[in-house]
Amino acid sequence: MPTFTGEEALNYDQRIGKLVPGYALLHQITAAQLAVTLPPNATILVIGAGTGREIIELADANKDWHFIAQDVSADMLAIADQNFTNLGIRERVTIHHGTIGGDAYKADAALCLLVMHFVQGEHDKSALLGQVYTNLKPEGQLYLADLMSPENDFEREAQFQYCHTALGLTEQGVTKMRRNFTNEFFPISTQCLTELLGNIGFSTPTPYFKALGFSAFSTHKCI
Ligand SMILES: C[S@@+](CC[C@H](N)C(=O)[O-])C[C@H]1O[C@@H](n2cnc3c(N)ncnc32)[C@H](O)[C@@H]1O
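Structure report, in brief.

Definitions and limits used
- Each chain carries its own residue numbering, running from 1 in the written order of its sequence.
- Local features in this predicted model are restricted to residues of pLDDT 70 or higher, and side-chain atom pairs are both shown and tallied only at a pLDDT of 80 or more, whereas totals for entire chains, interfaces and linings draw on every residue.
- With hydrogens and water excluded, all non-hydrogen atoms of the structure serve as input to the side-chain values.
- Centres within 6.5 Å are what make two rings of Phe, Tyr or Trp a pair, Trp counting through its six-membered ring; a difference in plane orientation under 30 degrees is then read as stacked, over 60 as edge-to-face, and the rest as tilted.
- A run of H or I in DSSP counts as a helix once it spans at least four residues, and a run of E counts as a strand once it spans at least two, with each numbered from the N terminus.
- The rule is simple: take the accessible area with a 1.4 Å probe, protein chains only, and divide by the maximum for that residue type; under 20% is buried, over 50% is exposed, in between is partly exposed.
- Comment: the charge-over-ring label is applied if NZ (Lys) or CZ (Arg) is within 6 Å of the ring centre and within 35 degrees of the ring normal.
- Residues are labelled near a given molecule or strand when at least one of their non-hydrogen atoms is within 4 Å of it.
- Distance and chemistry together define a polar contact, namely a pair of N or O atoms within 3.5 Å, with one atom able to donate a hydrogen and the other to accept it when in protein, and with adjacent residues in sequence counting only for side-chain atoms on both sides.
- Where accessible areas are quoted, they stem from the Shrake-Rupley method and a 1.4 Å probe; at the residue level, only the protein chains shown are allowed to cover.
- The classification used treats Ala, Val, Leu, Ile, Met, Phe, Trp, Tyr, Cys and Pro as nonpolar, Asp, Glu, Lys and Arg as charged, and all other residues, Gly among them, as polar.

Another point: the packing of aromatic side chains. Overall, the coordinates contain seven aromatic pairs when judged by the stated rule. Judged by centre distance (5.3 Å) and plane angle (85°), the rings of Y133 and F202 are edge-to-face. On the criterion of sequence distance, the pair formed by Y133 in helix α6 (residues 122-134) and F202 in the loop between α9 (190-200) and β6 (206-211) is long-range, its members being 69 residues apart. Both residues of the pair, Y133 and F202, count as buried. Ring centres 5.5 Å apart and planes at 50° place the aromatic pair F160 and F181 in the tilted group. Note that F160 is positioned in helix α7 (residues 155-165) and F181 in helix α8 (residues 171-183), a separation of 21 residues in sequence. An aromatic cluster is defined as three or more aromatic residues linked by ring pairs; in this entry it consists of F4, Y12, F118, F160, F181 and F185. Taking NZ or CZ as reference, K221 lies 4.4 Å from the ring centre of Y133, over its face.

Looking now at the site of the ligand. Near the ligand you find 19 residues, and of these Y12, Y23, G48, E54 and D71 are the closest. One of the side-chain nitrogen or oxygen atoms of Y12 is found 2.6 Å away from an oxygen atom of the ligand. H27 places a polar side-chain atom, nitrogen or oxygen, 3.0 Å from an oxygen atom of the ligand. Computed on the free molecule, the ligand has an accessible area of 600 Å², of which 94% lies beneath the protein chains in the complex. Looking at the shell around the ligand, the elements with two or more residues in it are α3 (23-37) and β2 (66-71). Here the shell around the ligand is composed, by residue class, of 12 nonpolar, five polar and two charged.

On their own, these measurements won't tell you what the molecule is for.
See below:
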């Protein structure tokens, strides 16, 4: 996995929009669904919160929502912390550095956007989803987005070309992306994801976003 420390953390916000087609749209339509489904005083657990994009997007949707910003990178969370302070929403956010153990959070919804594809192996992906499950209320929603296994033999190449020609990724960046997709990402199929979620106790995922290799799904905790 990329380290998401030092320069990688500092450059993240400039970089990510060139790597994920529809990055802004993904966040906007995830927020749109939470806005019409969550109660006024909801708690939202954000796994792999990074520099805080999900929370920045959601903070305006309801002024009474509380957020947990969790990440394994202290450098990413430090940037998120500063962003929350600058926007005047810091008091609405609990920052959680490190893995989520136990069941401290009784969240109404959880987001795990662009994170699980970095977790290698079904066992560890399942452990991460299990931690989310135990920190959700019954019926709690989960929104997941990841690089998925390619669905045909041209999707990946189209993605590299699109990032270069439409999103402004340099040729050097494309070369790095090709290498990273092979060495640092661990995509699974929709069928495999459905099985992992079902084994833990989540409902069958509903797809709500797809842009070349990246897909997003909503699901909920079954009692
Ligand atoms: C591509 S960034 C996504 C950040 C944010 N969700 C967004 O959409 O901009 C991936 C983030 O996941 C974090 N991460 C990677 N593995 C993780 C894990 N097992 N648990 C929590 N966070 C993790 C990284 O430190 C990084 O901040």
